[in-house]
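# Geometric and topological summary
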Amino acid sequence: MSATRLFEPLTAGSGVYFDGVLLEVVQTPCQRIEVFDTSDLGKLMRIDGANMTSERDEFFFHFILVHPPALAHPAPTRVLIIGGGDGGSLEEVLKHPGIRRVVLAELDAGVIDVARRHFGAIHHGAFDDPRVEIRIGDGMALVRETAERFDLIYLDLTDPIGPAEALYSAAFYADCRRALADGGALVLHIGSPFSHGERVRSSLANLRSAFLQVTPWFVHIPVYGATWGFASASDNMDLASLPPALMASRLAERGIGG
């Protein structure tokens, strides 16, 4: 089969592309999911024409999203992941030996089904870990209605466009704050500071309206073709003030390598 050039715009005048051979297309009631085999990234998942994750660069996103706040927390045990149907964030969370329970709230079961078939190199079977409860449905409703309190809430979402836009709002961040245990943190990605400057500013402003401590950090994500922003929001976790030596010692104590 011939390769397809997969363009994804960052702005009206710039973007990124990869060449890939189509392996599968799944149209769910929610969205169109495509899997391509690419020479640079291995298997690549796209949703509604946007690059989501790939075998060879997922580490850049999932490791950097999950571990800084999880290491800053002295002993996380209960975690909520909203989105994250590829299983990458889930797999990283489960590396922390104190984790007793993870709720994965994914809107579209089709994403998990595709991940099970094609992206074992990303999730490594994490969906079947006995500590994991998978809930298919509206993550916003779960956060509003749950009586459970979580040490960490991760928003591993698509960009704030269309149905996902409400999950980047000040109102939803306030709902997440109520679902956090004492000492907990909300963690999410916030876009490219160069290509999505207003989106990054708006997300940080909304977080600061709900939380006392908001810390952004940035890393290049190859599949997105840009430097990408992440943020941790908490009332009492100041991620920026933690010494690197403490983070390194907790990595060692928890046996997290690689």
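The rules behind these values
- Residues numbered from 1 in each chain as written.
- Predicted model: local features only at pLDDT ≥ 70, side-chain atom pairs only at ≥ 80, totals over all residues.
- Heavy atoms only, no water.
- Phe/Tyr/Trp six-rings, centres within 6.5 Å; stacked < 30°, edge-to-face > 60°.
- Helix = DSSP H or I, 4+ residues; strand = E, 2+ residues; numbered from the N terminus.
- Buried < 20%, exposed > 50% of the residue type's maximum accessible area, 1.4 Å probe, protein only.
- Contact = heavy atoms within 4.5 Å.
- Patch = residues over 30% accessible without salt bridge, like charges linked within 9 Å, V, L, I, M, F, W, Y side chains within 5 Å.
- Areas by Shrake-Rupley, 256 points an atom, 1.4 Å probe, with all protein chains shown as cover.
- Salt bridge = Lys/Arg side-chain N within 4 Å of Asp/Glu carboxyl O.
- Disulfide = S-S within 2.5 Å.
- Axes fitted to C-alpha atoms, helices over the stretch in contact; angles between N-to-C directions.
- Parallel < 35°, antiparallel > 145°, perpendicular 65-115°, else oblique.
- Nonpolar A, V, L, I, M, F, W, Y, C, P; charged D, E, K, R; others polar.
- Core = buried A, V, L, I, M, F, W, Y, C linked by side-chain atoms within 4.5 Å.
- Pairing = 2+ DSSP bridges.

## Observations regarding the packing of aromatic side chains
- Per the counting criterion, the structure on display carries six aromatic pairs.
- Ring centres of Trp217 and Phe230 lie 6.2 Å apart, and the angle between their planes is 15°; this geometry places the pair in the stacked category. Of the two residues, Trp217 is situated in strand E11 (residues 213-221) and Phe230 in strand E12 (residues 226-234); the sequence distance between them amounts to 13 residues. Neither residue differs from the other here; Trp217 and Phe230 are each classed as buried.
- An aromatic cluster is defined as three or more aromatic residues linked by ring pairs; in this entry it consists of Phe61, Trp217, Tyr224, Trp228 and Phe230.

## Description of the side chain of Thr215
- Within the secondary structure layout, Thr215 lies in strand E11.
- By relative accessible area, Thr215 is classed as buried at 10%.
- The residues contacting Thr215, other than those within four sequence positions of it, are Phe230, Ala231, Ser232, Asp238, Leu239 and Ala240.

## Overview of a nonpolar patch on the surface
- On the surface, Met1, Leu22 and Val25 cluster together into a nonpolar patch covering about 300 Å² of accessible area.
- Considering the arrangement of structural elements, one finds Leu22 in strand E2 (residues 14-27).
- What makes Leu22 partly exposed here is its relative accessible area of 30%.

## Observations regarding the state of the cysteines
- Enumeration according to the criterion identifies zero disulfides in this entry.
- The thiol of Cys30 is unpaired, and the distance to the nearest cysteine sulfur, on Cys176, comes to 19 Å.
- The exposure class assigned to Cys176 is buried, which follows from its relative accessible area of 0%.

## A word on the packing of helix H1 (residues 58-72) against helix H8 (residues 244-253)
- Close contact between H1 and H8 brings their axes to 9 Å; oriented N to C, the two are set at 100°. In terms of orientation, H1 lies roughly perpendicular with respect to H8. Facing H1, whose interface residues are Pro68, Leu71 and Ala72, H8 presents Met247, Arg250 and Leu251.
- The residue inventory of the contact of H1 with H8, partitioned by class, reads five nonpolar, no polar and one charged.

## A closer look at the nonpolar core
- Core analysis: the largest hydrophobic core is formed by 52 residues, its most contacted members being Leu90, Val102 and Tyr154.
- Here Leu90 is in contact with Ile81, Val102, Leu104, Ala126, Phe127 and Val132, once residues within four sequence places are set aside.
- By size, the runner-up hydrophobic cluster in this structure holds 29 residues, among which are Leu80, Leu157, Leu204 and Ala233.

## Let's talk about the sheet that holds E12
- Spatially, E8-E7-E6-E9-E10-E12-E11 is the arrangement adopted by the seven strands of the open sheet, whose pairing is mixed. In the strand order of this sheet, the two ends are held by strand E8 (132-136) and E11, each with one partner. For this sheet the average axis-to-axis angle between neighbouring strands, irrespective of direction, equals 15°.
- Both strand E6 (residues 78-83) and strand E7 (residues 101-106) contribute to a ladder of five bridges, which runs parallel. Residue Ile81 lies in a different strand from E7, and its bridge partner there is Leu104.
- Sheet contacts for H1: strand E9 (150-156), strand E10 (180-191), E11 and E12; angle to E11, the most-contacted strand, approximately 155°.
- Packing of helix H3 (residues 109-118) onto the sheet brings it into contact with E7 and E8, and relative to E8 it is tilted by some 130°.

These results come straight from atomic positions and should not be treated as a statement about function.
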